[in-house]
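One-letter residues, chain by chain:
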Amino acid sequence: MGARLEQASTVMAGTLNEDPAPAPRGRAEEPAGEPAGDLADSAAIRASLGQPEQFAVLYDRYAIVLHRYAGRRVGDDAADDLVAATFLAAFRARRRYDQARASARPWLFGILTKEIARRQRTEKARLRALERAWSDRPADGLADRVADGVTAQAARGQLAAALARLSPAERGVLLLIAWADLSYDEAAQALGIPVGTVRSRLSRARRKVREALGGTNPAAVNEERS
C-alpha cells in the first residue's frame, strides 16, 4: 500500500502546486506562525486558502484510513484512484468547508463515498467476485468487520452477496458506520442527510443483511456512538 499512497501523494502534490485562488475581500491570508502539524483540520483548511501547502495536513492525517476503507469496498487498485480523486475534490471545494466543524474526517469520507458511488459497478463486481471466491470457504474477517454478531464461521459469500444487493445509499450508511467507524451524526454530516435518514437506511440495511444470512444478526453498531 505504501507505493500506492506514494502515487496518490504525487497527485496531491501536483494539486497543491496549482495557483491558489485569491483570498476573499476583507480577509487577510492566514499567518504562517503555527506549525502545520499542530493545526486542527478546520484551521488547516482555512490556512490553505492563502497557503495551499497547508492542505497537505489533511492528506497526512487521513490518506491511510481513507485508502483502507476504499480498499475494502472496491479493492486496493481502485482505491488508489479514489483517494487521489477525493483529495483533489476536497482541495477544490475547501472554500465551502464549514469552519465550525473542527474535524474534516466526516467531510472527507463523504467525498470518498460520492467517488465510490460513481464506481458502483466496480464495487458490485468486487462483491460478486468475493461471493464466488468464498462460497466454499469458512468465514472470517469481512463478516466480523461488518457485524460483531456474525461469527468467524458465518458465510462470507452470503454476506458479500447481501452487501451487493443493498442499494448504494443503504450500503454507504452501513459501511460508513461499520468500517469507517463514524457515529450517526458524523455519517449524517458525511452524506448531507438528516440523522433520521441515517437511522432508517441503517435499519433497512441491517434487516436485509440479516435476512440474507438466515437470521444472523448483522448489526454493526449495537449502541449509537457519540
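Shown above is the structure to which this text applies.
Just so we're clear, the structure is a prediction, and the values are computed from it rather than from any experiment.

What to know about the overall build of the protein
Thought 1: Each helix and strand in the protein was counted, giving 11 helices and 0 strands.
Thought 2: A burial count over the protein gives 47% of its 226 residues as buried.
Thought 3: Contacts in the protein between residues at least 24 apart in sequence constitute 65% of all its contacts with a sequence separation of at least 6.
Thought 4: Of the accessible surface of the protein, which amounts to about 11100 Å², a share of 46% is contributed by carbon and sulfur atoms.

A few points about helix H2 (residues 41–48)
Structurally, the α-helix is built with 3.6 residues per turn, so residues lying three or four positions apart point the same way.
Thought 1: With 7 of its 8 residues buried, H2 lies for the most part within the structure.
Thought 2: Of the positions making up H2, those classed as buried are Asp41, Ser42, Ala43, Ala44, Ile45, Ala47 and Ser48.
Thought 3: Contacts from the buried residues of H2 go to helix H3 (56–74) and helix H5 (105–117).

Some thoughts on the nonpolar core
Thought 1: Leu58, Tyr69, Phe87 and Trp107 are the most contacted members of the largest nonpolar core, which totals 58 residues.
Thought 2: If one sorts the elements of this core by residue count, H3 sits on top with 9 residues.
Thought 3: Ignoring sequence-local partners within four residues, the contact set of Trp107 consists of Ile45, Phe55, Leu58, Ala90, Ala93, Arg94 and Tyr97.

Things to note about the environment of Leu127
Thought 1: Along the chain, Leu127 falls in helix H6 (residues 120–134).
Thought 2: Every residue in contact with Leu127, bar those within four places of it in the chain, is listed here: Ala160, Leu163, Ala164 and Arg171.

Side note on the packing of aromatic side chains
Thought 1: Under the criterion given, the structure shown has 4 aromatic pairs.
Thought 2: Seen from their ring centres, Phe55 and Phe91 are 5.4 Å apart, and the 80° between their planes marks the pair as edge-to-face. With Phe55 in the loop between H2 and H3 and Phe91 in helix H4 (residues 76–92), this residue pair connects regions lying 36 residues apart in the sequence.
Thought 3: Here Phe91 falls in the buried class, since its relative accessible area comes to 3%.
Thought 4: Over the face of the ring belonging to Phe91 we find Arg94, whose NZ or CZ atom lies 4.0 Å from the ring centre.

Here's the deal with the pattern of salt bridges
Thought 1: One pass over the full model with this rule turns up 6 salt bridges.
Thought 2: One salt bridge connects Arg101 with Asp98, and the closest N-O pair in it is separated by 3.7 Å.
Thought 3: Here the salt bridges share partners, and the residues they tie into one network are Glu170, Arg204 and Lys208.

A short note on unusual backbone geometry
Thought 1: Its identity is not glycine, yet Asp181 carries a phi of approximately 60°, on the positive side.
Thought 2: For Asp181, a relative accessible area of 45% gives the class partly exposed.

Observations regarding the packing of H3 against H5
Thought 1: Between H3 and H5, the shortest axis-to-axis distance is 11 Å and the interhelical angle comes to 35°. Between H3 and H5 lies a crossing whose hand is right-handed. Packed against H3, whose contacting residues are Leu58, Tyr62, Val65, Leu66, Tyr69, Ala70, Arg73 and Val74, the element H5 presents Arg105, Trp107, Leu108, Phe109, Leu112 and Ile116 at the interface.
Thought 2: Taken together, the residues of the contact of H3 with H5 break down into 12 nonpolar, no polar and 2 charged.

Conventions we followed
Residues numbered from 1 in each chain as written. Predicted model: local features only at pLDDT ≥ 70, side-chain atom pairs only at ≥ 80, totals over all residues. Heavy atoms only, no water. Helix = DSSP H or I, 4+ residues; strand = E, 2+ residues; numbered from the N terminus. Buried < 20%, exposed > 50% of the residue type's maximum accessible area, 1.4 Å probe, protein only. Contact = heavy atoms within 4.5 Å. Areas by Shrake-Rupley, 256 points an atom, 1.4 Å probe, with all protein chains shown as cover. Core = buried A, V, L, I, M, F, W, Y, C linked by side-chain atoms within 4.5 Å. Phe/Tyr/Trp six-rings, centres within 6.5 Å; stacked < 30°, edge-to-face > 60°. Lys NZ or Arg CZ within 6 Å of the ring centre and 35° of its normal. Salt bridge = Lys/Arg side-chain N within 4 Å of Asp/Glu carboxyl O. Axes fitted to C-alpha atoms, helices over the stretch in contact; angles between N-to-C directions. Left-handed = near helix turned anticlockwise from the far one by under 90°. Nonpolar A, V, L, I, M, F, W, Y, C, P; charged D, E, K, R; others polar.

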